[in-house]
Amino acid sequence: MEKSLNIELDGKITKAYTGESILQLAKREGIEIPTLCNDPRLEPFSSCYVCVVEVEGMRGHQPSCSTKVAEGMKIVTDNDSIRKARKTALDLIMSNHYADCKAPCTETCPAGVDVQGYISLIDKGRYSDAVALIKETNPLPAICGRVCVRPCETACRRNLMDEGAPVGIDYMKRFASDYDLQSINKYVPEVLPSTGKKVAVIGAGPGGLSAAHFLQIQGHQVDIYEAAPKSGGWLRYGIPEYRLPNDILDAEVKNITDLGVNIFYNKSLGKNLSYKEIKAKYDSTILTIGSQKGSLIGCEGDDAQNVFSGIDFLKNMEMTGKTADFKGKTVAVVGGGNTAMDCCRTSIRCGAEKVYVIYRRTEKEMPANPIEIHESKLEGVEYLFLTNPKKVNKDANGVLKSVTVLKMKLGEPDASGRRRPMPIEGSEYDIELDYILAAIGQKTRVDFIDDINKYAEGGQLEVSRWGDIVADKKHLQTGIPGVFAAGDSVTGPATIIEAIAQAQTASRAAHQFVMGEELQEPKKEFLSKRDHFKPQVSTDYMGKYDKQIREEMPVMEAENRFNFEEVELGYASEEVCQHEAQRCMECGCVEVYDCDLKKYATEYEAEQEKFAGDYHQHQIDFRHPYIEIDNNKCILCARCVRICKEVVGANALGLVNRGFDTYVAPSMGDSLTETNCESCGLCISACPTGAITENFFFKPGPLKEEKAEVICNYCSVGCSINVNHHHELVMKTTGAGGLVNSDGNLCQMAKFGYRYMNDVNRITTPQLKQEDGSFKDISFDEAYDIIHKRISSVEADENLFMAGARLTNEEIYLVQKLARAAARTNNVGSFSYFNRGDFYAQSANNNVPFDQLKEASKVFLIGDDIFEKHPVIGYMIQNAHYIQHVKVEVINPKGSDKLSHKYGSLGDVGNFYYFFKAANHYLLSNGLENAMFLDGRVDDFEAYKTAVLAENFHDLVEKAGLCCPTLVGDFVKDYLNEINSILVFSEELLTAETAREVYNLSLISGKLGKTASGIISLKEKNNSQGIFDMGAQPNLATGGLAIGSQEAQDKMKAVWGVDAPVVVSDIKALIRGGKVKNAFIFGEDPVGTTFNNIEEGTCMDKMGFTVVQDYFMTETAQRANLILPASMPVETGGSYTNTQKYIQEFEASFKPKVEKTNPIQLIDLLAKFGLNGLSDLSDVSSEMIKFLPQAKEETKYQLVFTAEEGNASPFAFGSDYLMKRFDKEFTESFE
Amino acid sequence: MNNTQVIVGMGSCGIAAGANKTYDAIKNIKEAYDCNFVLKKTSCVGMCFREPLVEIIDDTGYFLYGGIDESKALEIIESHLRDHEPIKEYVVKSDLFPTDDDQYFEGQVKIALRNCGHIDPENIDEAEYKNAYRALKNIGSKDISRKDVIKTVLDSGIRGRGGGGFPTGMKWQFAYQSKNDDKYIICNADEGDPGAFMDRSLLEGDPHAVLEGMAIGAYAIGASQGVIYCRAEYPLAIKRLDIAINQAREKGYLGKDAAGIKDFNFDIYVKEGAGAFVCGEETALIASVEGERGMPRRRPPFPAVSGLWKKPTNINNVETFANIPYILLNGAESFSKYGTEKSKGTKVFALTGKVKNGGLVEVPMGMSIRDIIFKLGGGIQDDKRVKAVQLGGPSGGCIPEYLLDTPVDYDSVNATGAIMGSGGMVVMDETTCMVDLARFFLDFTQKESCGKCTFCRMGTKRMLEILTRITEGKGEQGDIERLEDLAYQIKDNSLCGLGQTAPNPVLTTIKYFRHEYEAHINKKSCPAKGCLTLLKYEVIPDKCTGCTVCAIKCPVDAIDGARKEVHFIRQNDCIKCGECYSRCRFDAIKLS
């Protein structure tokens, strides 16, 4: 097609194709127009109105997806009016989008830790992956796992379900972090290459350590200067060891210094370290100095001896390493925060006789963590609520004697929202005391301000009237360019997780500063929230989740706590932790990383509450085992409805009701499983939001995914698929838009058949069967030796090699090379083509290219199994039927009406072989053959004709078992009438001889070999064609040459340097006759897939020594003498040849779970026989290519008469364990 | 009395008013006394306000009796037929003497409705007697070419009567020019506007006019199949269409070589619509005929290129088709002589609302709205003041009193912000709250939105919510601007006519009655006293005699007061039913 139209697009003159939409044109021109309802696979629909543009001369805005370009059109794709319309569309959609993008836990966390994500990893026992995820935002998980104040748990929706018992988020974080710390494969973040930039961090507290972590992994050199002799700041000097052991702190600090961060101790800015020095050495500075100055009670007499600030008390103990001696003493702690808790519980541990906490409000108002209050009470702390010190009384020496306290009552709420305590007149009384610890707040000490300002350039450091460092909120830059501040010293005393959050901001800004970039905040992400619509209640979550009791933290017995050992003991086992993980209700949307709606809502700054009003609440429908429908997230683009109609033809989904009440539902409102749904999952691929998603059987996170592109290893269509994984944990598969399925359509096998990749029950080492029938792990070398010995100890033709049709070309090539060059036998084959006629070796030669289906005038489906066995071809046919109005008719097996909701049927056929033979007879006896075509292009016509006409037409018709006798004639006439007709069938259903007669039909009628006309013959397995092309047949050499031909022999001799065998035997007869002494079965499960009883089907019992290579312990493997572990395709790489004879390569993307991949094992084995020269897959590939024909040869078509129907395959599922496994899983999931 | 005919008007309006009983009563008398007159049925004459109507034609003249129930039927049979004394006070129209209702017919020109009320719609012979199918037969007998048919239609200047106003001849020409062996012609009888019944009356009164119009169209564009998409809520229309189609087939006006035109094979079937308003939109209509959900799709391609089953398709409205045979038979000029420069011919209106004489009128284009209301319609009920007229149904707009001299033609009406639409004309007096009216129409359209486009589905809903809160006294500052902003965005960003026009009632009421909106929002009061939640019934202490009637009648016991003492209405409990107001004999209850 030619670009013939002249268009003005955003002021630029461009050429466009006739018939293309503005959206398509803009995309080609690199202009991104947002769209939600458009799917390139489907007819334009125009419902979302997000893709609007302006066209000169047309009223209002035009949806670019359905507006076709026209000559001279002037189009504007972006201006204020358009942006406003797009934003309004998104605002309106969002005003009825009762759903959460992210879970409340993550949203509430100041540092934004992906809680739902790491719980999903903990659920799968992937603790180091969980830690890796946490460390993206929080570098101190083991510390936070102990002492975080847990705003996430306050926000957790489990509180609604289980009456205030949130998911044990922090407990799980601690478990995963501790596990990782002790793991030999602990998570080590990747450090980017050095930028040559240096950043100084002042203070090694949580903020400083975090900032150092974030900046170091970006490739900057970070040095921390710490005033104290040890790291951790408040973590070490404020929090007592019974809560946070120093070894845990040290371990996490070490993780950071291991990245290359230096910490210089006893360096105090303004004292023994000058900013002058810092400025000279570093490109940027981050101040994370904390709030270290304690406050006293602030009443008369608080200068008495034995009155301390709590933090000084705690810090002093840590600095000196000496426990305070409170034996027999009475201590009062003043205050109600976490420092007060640390002080009172430490006092108990220091031997105090009696410890009071004096707090002026009630327990309800206490800011301390409730767990801490609870534990302190267990430990014997006594609380004096509604009490306030009025005066400290000292003795003559100025030593504390007692304190006079006042009783309080609560008045009106103050600015903090808490009720203000009011003294009760005349309620004073005295308490005898030995010590008072004041825990009522800290101050920031900025004693280096003069030093820093003396040497600062471009600005000055300022301190607020509360004594904190002034830094702008967005970037935390202080008055001095390049000097940032974070943590308590900016915010005043706050929490660890807030310090970490600040460190994120400051380190992001410092990074931008040192890289010479403008300081920029990340764009504010749009987040849809259910809370925008209404307060959540427990009934909103009933259904999918049940109540489940929280796994509480085991603690040390209270009577054993008179020491500083850690009180909280951690979850006892993985089971406990994973059980707790199950409580996560997965509030965040699984599509959060892929959602187009969220992407555009962010881009156009949509507001969810702008048009707040009526909204819908739908029950989430997860009745279908693979497909989950959440109408709350639906935007009514109808892509699911349309793809089900236009591509699948199932029409399982529809729109219900009108106007605002419209929603998408399975037809008749039933469960999807009750409809014509084929469970292909194309609706999932079409949904631009999270309204239709995979009904995951595991917690899917969501997690950020990487994609590994491979070729599907189920059927022979050859679809490119993306294996989406998180650190090789396969999360889902999606269409990759490859050569065959450029539109990205995938079928149920590819879409849902990925579970095996996560199955941990793999065979990972060679195993030898013992006398008692059990298997013992052996080394690869031992296995090779055994195999070498077995082969060498028998006659060459007593060996048999079977290669699975799921193997790569390279693997099949190596298997047959092992047979021919090492064992010197032609006994090589495949159970997938066991005992079937030889026509299937050539059936693919004349297949119509798939993309010509849409140019056909009519498609005849032979049989009714295309949508089950090769669904993607079914989609191509249905789409051609829908868009191009290509007629489709089914020739049904007797009694089937499986496709009646899609296409008309020509009628039922009892036996396809006789039907097509009868059709050929009819053609020839009525002189309907295409003489022009036959003449000169087809061999043996006359002989064929004679043979066919010698048969009795009526007998053929009778044997064909037709629904009506005229069917043969009707079909032939219909078939001949069509200009371009294609016969489509799956080889599984037809014998090779039947397929041959179909082929004969297309020859006699002259339909073969023309554009969009002829045959599409679909093979069972992903590399069925490779079995023939690679020579895994006794009579075929690699490249399809006859094994006995001189050319083949010469080639093998030339490439391998050995004389190849010439004797060709009947494999079936060999097995039946018990002639096989050694059998090598690579990637096939004949025992598990046979239709016959096992003895008859594979005669495995008649074989001598058997070696089986597979991923899993298949039934065949169980019967083997020696098992070899197999690497999976995504771990191996290689190429498959699809049923169109396209050779498609793919890379290995996963680390193999076996020590040696399949090709390496075979290469090693060949080397055992002295066949050296191959070392890796690319060597194999280049050797293999030497055998392949260099150019397509023009040969004449052959008409071959078949006398008998031939044999059906004795094995189901192409003799492949994975196909069988998927089929079983799939079927059972609907039961 | 051989030539005497008694004809009962049996359109839906007549039947609703009791015409069946009237008919049965006359029939019983006729049979009981073996009277020598012919009893017949016809359809609506348009005088819906006088139903049931009985027409008597005898040697002396023509008498149309109005408001004839069973007993009056007896009276006129006795007096008029037996005693030859017409009862003048019941006569609404006669060729012998003037009546009070004559003005209703003055100024009307009946082209589309030419046979309505004058023939038995279930009897093709009567229709043929009134020239039905003559234009079609002429095509065969005079060998009129397809191009000539289209030319005549073009020359007549007729524009689509369904609301769009697109020149019919041009539409036919496009369909004619589309090359395809299969073409379709569709009659859009999915009349869905609240208060509109032009198409129903036409189909019930003269189905053959529509069939003939379709057949002529089919001949012109080359279609072989016709479909009448009629809403299922019109059972009588469907029944009469079916009868008419069968009769037309028997007479050879449909079928092979229809009407004697060689190689013109054409047939029609009726497709019942399930009653979705949006199916009046032509692409949604096509989807519905195809068995799909009635949802509009983008044009182009226009149906003339790719319509039903993706074949070239012409779609016209009932009234348009009904005009066609007349134009073909009498020439383009017979039609184009009426009307204005750009709007030719006549237009049927369904006159409803607070007008005295509601019914169907057919007037030449260009007559002023005021004349239609005051001359034909006889003015406003209870002689209240007219406030506005809603033209064009939910897609149309309100025209205020001061613009009532606007002539009815496409362009003049559009200039006011309303649209001609299919001919619904709702008259409102001073008691109609314009905010509530806009809310009413928007409530209709938002419910009838097919749900496809974001702006129409969500935007009209949000507009409705704003309107609702305004009428409930919860309007906020900026609501008018919010409404306008959304309205213009919806108009600019909708796929089909429903969405593009849905905000019109809101925009026109804001344009002409902004003060009413402001009163609701700022003063929390409804000037027209139409919004219940904003109303307050209060006792006027000076007038209250303490008779207790109001307290007794109040259904929710919201009125306190002892005998002979001033009563008091507890506002929190009052449900504003107005019972006290209407019961009080001392005008002691006021509404504010």
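For the structure itself, consult the block above.
Caption draft 1: How the structure looks around the overall build of chain B. A count of helices and strands for chain B gives 22 helices and 18 strands. Computed over the C-alpha atoms, the radius of gyration of chain B is 27 Å, within 12% of the 25 Å expected from 2.2 N^0.38 for a compact globule of 592 residues. Classification of the 592 residues of chain B by burial places 59% in the buried group. Partitioning the intrachain contacts of chain B with sequence separation of at least 6 by distance along the chain shows that 70% fall at a separation of at least 24. For chain B, the exposed surface amounts to about 23000 Å²; the carbon and sulfur share of it is 48%. Mean positive and mean negative side-chain charge positions of chain B (75 and 81 charges, respectively) differ by 5 Å.

Caption draft 2: Expanded view of the environment of A:N741. Residue and element names in this part refer to chain A. Of note, N741 is situated in the loop between β28 (729-735) and α24 (748-752). For the pair N741 and V52, spaced 689 residues apart in sequence, the C-alpha separation works out to 29 Å. Those residues in contact with N741 that lie beyond four places of it in its chain are C719, S720, L746 and V872.

Caption draft 3: Expanded view of the nonpolar core. Ranked by size, the top nonpolar core spans 252 residues in total, and within it A:Y118, A:L287, A:L861, A:I873, A:V984 and B:Y517 carry the most contacts. By residue number, the principal contributor to this core is helix α19 (residues 496-514) of chain A, which donates nine residues. Summarising the domain contributions, this core has at least three residues from each of domain 2 (124-336) and domain 4 (434-523) of chain B. Leaving out residues up to four positions away in the same chain, A:L287 has contacts with A:I202, A:L269, A:F448, A:I452, A:L461, A:I469, A:V483, A:F484, A:A485, A:A486 and A:S489. A:A803, A:L818, A:A823 and A:L1171 belong to the second-largest nonpolar core, a separate cluster that totals 95 residues.

Caption draft 4: Highlighting the packing of helix α18 (residues 479-492) of chain B against helix α20 (residues 504-523) of chain B. Residue and element names in this part refer to chain B. Closest axis-to-axis distance for the α18/α20 pair is 10 Å, and the angle between their directions is 170°. Judged by the angle between their axes, α18 and α20 are roughly antiparallel. Contact residues: α18 offers D479, I480, E481, L483, E484, A487, Y488 and K491, while α20 offers N504, V506, L507, I510, R514, Y517, E518 and I521. When its residues are assigned to classes, the contact of α18 with α20 shows nine nonpolar, one polar and six charged.

Caption draft 5: Spatial organisation of the interface of chain B and chain A. Listed by partner, the interface residues are 32 residues for chain B and 38 residues for chain A. Where chain B abuts chain A, roughly 2900 Å² becomes buried across the two surfaces, and 50% of that area is made up of carbon and sulfur atoms. Applying the counting criterion to the chain B and chain A interface returns five salt bridges. One salt bridge connects B:E448 with A:R658, and the closest N-O pair in it is separated by 3.3 Å. Summed over the shared surface of chain B and chain A, the number is 24 residue pairs in polar contact (both at pLDDT 80 or more). For the side of chain B that touches chain A, the elements supplying multiple residues, two or more each, are α16 (434-448), α17 (454-471) and α18 of chain B. For the side of chain B that touches chain A, the element with the highest residue contribution is α17(B), accounting for eight residues. A breakdown of the residues in the side of chain B that touches chain A according to their chemical character gives eight nonpolar, 10 polar and 14 charged.

Definitions and limits used
Residues numbered from 1 in each chain as written. Chains lettered and ligands numbered in written order. Predicted model: local features only at pLDDT ≥ 70, side-chain atom pairs only at ≥ 80, totals over all residues. Heavy atoms only, no water. Helix = DSSP H or I, 4+ residues; strand = E, 2+ residues; numbered from the N terminus. Rg over C-alpha atoms; globule rule 2.2 N^0.38 Å. Buried < 20%, exposed > 50% of the residue type's maximum accessible area, 1.4 Å probe, protein only. Contact = heavy atoms within 4.5 Å. Areas by Shrake-Rupley, 256 points an atom, 1.4 Å probe, with all protein chains shown as cover. Lys, Arg positive; Asp, Glu negative; His and termini not counted. Charge placed at Lys NZ, Arg CZ, Asp CG, Glu CD. Core = buried A, V, L, I, M, F, W, Y, C linked by side-chain atoms within 4.5 Å. Domains from an automatic or database assignment. Axes fitted to C-alpha atoms, helices over the stretch in contact; angles between N-to-C directions. Parallel < 35°, antiparallel > 145°, perpendicular 65-115°, else oblique. Nonpolar A, V, L, I, M, F, W, Y, C, P; charged D, E, K, R; others polar. Buried area = accessible area lost by both parts, 1.4 Å probe. Salt bridge = Lys/Arg side-chain N within 4 Å of Asp/Glu carboxyl O. Polar contact = N/O pair within 3.5 Å; in protein donor to acceptor, adjacent residues only side chain to side chain.

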